[in-house]
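# Observations on the three-dimensional arrangement
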Amino acid sequence: MDFANLVDQLNAGTILPEGIVLTTLMVIVVGDLIVGRSASRWIPYTAIAGLLAAVVALYLQWNNPNPISFLGAFNSDDLSIVFRGIIALSTAVTILMSIRYIEQSGTALAEFIGIMLTATLGGMFLSGASELVTIFISLETLSISSYLMTGYTKRDPRSNEAALKYLLIGASSTGVFLYGVSLLYGLSGGETQLSAIASAIADANLSQSLGLVISLVFVIAGVAFKISAAPFHQWTPDVYEGSPTPVVAFLSVGSKAAGFALAIRLMNSAFPLLIDEWQFVFTALAVLSMVLGNVVALAQTSMKRMLAYSSIGQAGFVMIGLIAGTEAGYASMIFYLLVYLFMNLGAFTCLILFTLRTGTDQISEYSGLYQKDPLLTLCLSICLLSLGGIPPLAGFFGKIYLFWAGWQAGQYGLVLLGLVTTVVSIYYYIRVVRMMVVKEPQEMSDAVKNYPEVQWNLPGMRPLQVGLVLTLVATSLAGILSNPLFTLANSSIARTTTLQPIVISSHFSATVPAENSALQTQQ
Amino acid sequence: MYDFEDKFRNMQLQYFLLLAAALFCIGIYGLITSRNAVRVLMSIELLLNAVNLNLMAFSSYLDPLEIKGQVFTVFVITVAAAEAAVGLAIILAIYRNRDTVDMEQFNLLKW
């Protein structure tokens, strides 16, 4: 009875989805231990079933009247539910595409899926964490499992090198983030809950202190590393190129979504008094990411590196919603991340399929692919065009909504820059598409000339095909039938109470300077 | 003994914070200049220990009843150990493949 009482007091039901993922993880680890190598036939499907069950559990918790649990350490509001859903779904799709890849690389599948589920668990907790220790632990659960996955093909020196770079840069960014967090703890007089920190700082009248600005900058450095915003992006291209492709797919969607969830919660709950300062810093990050990501992507010859720079640029676009700071801004971020989930994972599925069949990921090797493999060409084209924002695909509506929200919030310069860099990005996406559909046989690359016959009956190929078709359908339909996603994003923001006072305070800070200047003119 | 404790209590919070800041700067310096991967890992430990010092100081001066900072420190130490273990494992893997831990030699990935 005591235990039930405790569960009730802590409101532990809110972490049921994470509980399901954790149970699945346990089943996989123990099952692999008992059954041995032959377990790799059912393990991926168990993992996917667990993740889908977690998504269903999240759906049932929608609109939970009492979201605060674990004495305020975890907040299961609708905002966190959407982000946790995005992370769980991205892992499910990533597992579909990783089965064949991991088997072909000759490493153990069960361990890989175990580490990936741990990373998912970290990301899901991070989306709802509203207390400093919880944030730190879930962030590290996500990060350390990501380092392990990056170096998973341990006989490949490129994978080793990517893992080492990722670990060293990641661990030092965690150190910087933690230093900022420790200052925040001190400035608030010993509070670790985000909302308590904000009110303690407001009470102590410390909102203009240098220490708080330092802590803000350090915390943003940690978050910007996670969402790979320039100038904290240096690890991204190297890690994307060196690590196994399914890992890259997870890092570019799941890990990034968790970083954005952390950014929204941390900035709105802990730093509402410094709204001008953090909006300024994020504006600088967004400008740098959009320009650098999209311009450097033009010069890439490797498909993985191009997608790495493109994901830096995409992070810049999503930041427009964060800087807008309005309800529409946050809703557009969620909408874009939902769409981005499918189109980016679709692009990576195609990339994996091409690499598995030809053993290369150079962009020039894609030329003439249309004649050998129309399905792959179609899927990759749709996903890349959607990433570029061509109507009527999903990415177009995502970008329109982001730019509209930014424009409404008065971020004219940022939106114009976004439009210009989108045009640049369309160029390098279209370049790949144009290369694939060339007609003349003599322009065909060597890899495509030796293209093996398309076979779907090899072990692990069926799930890859399912993932391919799933992302293709989602990417093309999400544009035309975007209304349900739109409603989902809007209602999740509208029902999240922590974001409501922020909208007021941004109006407040906008009106105060005007009043001040009015006073000055009177004097 | 009593005298020492008394003196300790009278010390200002700033000294602890300055020490932590100095340790943090040394860590950053080591991070930038070290060529040996193990030394980089050690510099990261310095960063985390600076954070621990900060948390302990704040906890005993500002939050002596709930000592959340001390709890936080325990978590930071634990996670730092996990991170060091993973880091050393990766360094071992790369040493087996490349026979070196010199950061300047790791240049397979470049644009």
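Values in this document were obtained by computation on a predicted structure and should not be read as measured data.

## Notes on the environment of A:M149
Residues and elements named next belong to chain A. Here M149 lies in helix α6 (residues 132-150). Sequence-wise, M149 and T422 are 273 residues apart; in three dimensions their C-alpha atoms are separated by 32 Å. M149 has contacts with F112, I115, M116, A119, P244, V247 and F250, leaving out every residue within four places of it along the chain.

## Regarding the interface of chain A and chain B
With 45 residues of chain A in contact, the opposing surface of chain B contributes 42 residues. When the buried surface of chain A facing chain B is broken down by residue, A:E161, A:Y179 and A:Y185 rank first, second and third, together holding 18% of it. Linking chain A with chain B are two salt bridges, by the criterion used here. Two residues, B:R98 and A:E161, come together in a salt bridge whose shortest N-O distance is 3.5 Å. Contributing elements (two or more residues each) for the side of chain A that touches chain B: α6, α7 (157-187), α10 (235-242) and α13 (303-324) of chain A. Sort the elements by how many residues they give to the side of chain A that touches chain B and α7(A) lands first, with 22 residues.

## A closer look at the nonpolar core
Taken as a class, soluble globular proteins show a tendency for nonpolar side chains to be buried jointly. Residue and element names in this part refer to chain A. Counting 199 residues, the largest nonpolar core has F271, W278 and F282 as its most contacted members. Sorting elements by how many residues they give to this core places helix α14 (residues 327-358) first, with 22 residues. Beyond its immediate sequence surroundings of up to four residues, F271 is in contact with L184, L212, S215, L216, V219, L266 and W278.

## Here we look at α6(A)
All names here are of chain A. Over its 19 residues, α6 extends 27 Å from the first C-alpha to the last, a length consistent with the 27 Å expected when each residue adds 1.5 Å. With 15 of its 19 residues buried, α6 lies for the most part within the structure. Two or three places before V133, at the opening of α6, E131 has a side-chain oxygen 3.3 Å from that residue's backbone nitrogen.

## Points about the side chain of A:S188
All names here are of chain A. Among the structural elements, S188 can be located in the loop between α7 and α8 (194-203). Here S188 falls in the buried class, since its relative accessible area comes to 7%. For S188, the side chain forms a polar contact with the main-chain oxygen of Y185, separated by 3.2 Å. Engagement of the side chain of S188 in a polar contact is seen with the backbone nitrogen of E191, the distance being 3.3 Å. Setting aside residues no more than four positions away along its own chain, S188 makes contact with I197, A200 and I201.

## Brief notes about empty space enclosed by the protein
Under the definition given, this model contains three cavities of 30 Å³ or more. Size it by volume and the largest cavity reaches roughly 70 Å³. Considering the residues around the largest cavity, the lining is formed by A:L139, A:E140, A:S143, A:Y147, A:G170, A:S173, A:T174, A:F177, A:G222, A:F225 and A:K226. Within the residue set of the lining of the largest cavity, elements represented by two or more residues are α6, α7 and α9 (210-226) of chain A. Of the residues contributing to the lining of the largest cavity, the split by class is four nonpolar, five polar and two charged. There is about 40 Å³ of room inside the second largest cavity. Forming the walls of the second largest cavity are A:L167, A:A171, B:L41, B:I44, B:E45, B:E83 and B:A84. Listed by contribution, the elements that provide at least two residues to the lining of the second largest cavity are α7 of chain A together with α3 (37-62) and α4 (68-98) of chain B. Of the residues forming the lining of the second largest cavity, the biggest block, three residues, is contributed by α3(B). Residues that form the lining of the second largest cavity fall into these classes: five nonpolar, no polar and two charged.

## A look at the packing of helix α11 (residues 245-270) of chain A against α14(A)
Residue and element names in this part refer to chain A. Viewed as axis vectors pointing N to C, α11 and α14 meet at an angle of 170°, and their least axial separation amounts to 8 Å. Judged on the interaxial angle alone, α14 and α11 are roughly antiparallel. Of α14, the residues touching α11 (which contributes T245, P246, V248, A249, S252, V253, A257, F260, I264 and N268) are Y330, M333, L337, Y340, L341, N344, L345, F348, L351 and I352. When its residues are assigned to classes, the contact of α11 with α14 shows 16 nonpolar, four polar and no charged.

## Describing the UniProt feature "domain: NAD(P)H-quinone oxidoreductase subunit 2 N-terminal" (unreviewed entry) in chain A
When the UniProt feature table is mapped to this numbering, "domain: NAD(P)H-quinone oxidoreductase subunit 2 N-terminal" (unreviewed entry) covers residues 12-99 of chain A. In residues 12-99 of chain A, the share of helix is 68% and the share of strand is 5%. The end C-alpha atoms are 34 Å apart.

## Some details on a nonpolar patch on the surface
Residues and elements named next belong to chain A. A cluster of nonpolar side chains, contributed by V27, V29, V30, L33, I34, V35 and W42, occupies part of the molecular surface with about 670 Å² of accessible area. With respect to the helices and strands, V30 occurs in helix α2 (residues 16-35). A relative accessible area of 42% places V30 in the partly exposed class.

## Side note on the pattern of salt bridges
Within the structure shown, the criterion is met by twelve salt bridges over all chains. Taking the shortest distance from any N to any O, the salt bridge between B:D102 and B:R35 comes out at 2.7 Å. Pair noted here: B:D102 is in the segment after α4 and B:R35 is in the loop between α2 (13-33) and α3, with a separation of 67 residues, a long-range link. A relative accessible area of 17% places B:D102 in the buried class. For B:R35, a relative accessible area of 43% corresponds to the partly exposed category. A salt bridge links B:E66 to B:K68; the nearest nitrogen and oxygen atoms lie 3.7 Å apart. Ionic contacts of the salt-bridge type, sharing partners, join the residues A:R158, A:E161, A:K165, A:D238, A:E241, A:R305 and B:R98 into one network.

Reading guide: rules and limits
Residues numbered from 1 in each chain as written. Chains lettered and ligands numbered in written order. Predicted model: local features only at pLDDT ≥ 70, side-chain atom pairs only at ≥ 80, totals over all residues. Heavy atoms only, no water. Helix = DSSP H or I, 4+ residues; strand = E, 2+ residues; numbered from the N terminus. Contact = heavy atoms within 4.5 Å. Buried area = accessible area lost by both parts, 1.4 Å probe. Salt bridge = Lys/Arg side-chain N within 4 Å of Asp/Glu carboxyl O. Core = buried A, V, L, I, M, F, W, Y, C linked by side-chain atoms within 4.5 Å. Buried < 20%, exposed > 50% of the residue type's maximum accessible area, 1.4 Å probe, protein only. Expected span 1.5 Å × (residues − 1). Polar contact = N/O pair within 3.5 Å; in protein donor to acceptor, adjacent residues only side chain to side chain. 1 Å grid on protein atoms, 1.4 Å probe; cavity = no way out; pocket = protein on both sides within 12 Å on 5 of 7 lines; lining within 4 Å. Points joined across faces, edges and corners; volume = space filled by probe spheres on them. Nonpolar A, V, L, I, M, F, W, Y, C, P; charged D, E, K, R; others polar. Axes fitted to C-alpha atoms, helices over the stretch in contact; angles between N-to-C directions. Parallel < 35°, antiparallel > 145°, perpendicular 65-115°, else oblique. UniProt positions renumbered as here; feature names shortened; annotations may be inferred. Patch = residues over 30% accessible without salt bridge, like charges linked within 9 Å, V, L, I, M, F, W, Y side chains within 5 Å. Areas by Shrake-Rupley, 256 points an atom, 1.4 Å probe, with all protein chains shown as cover.

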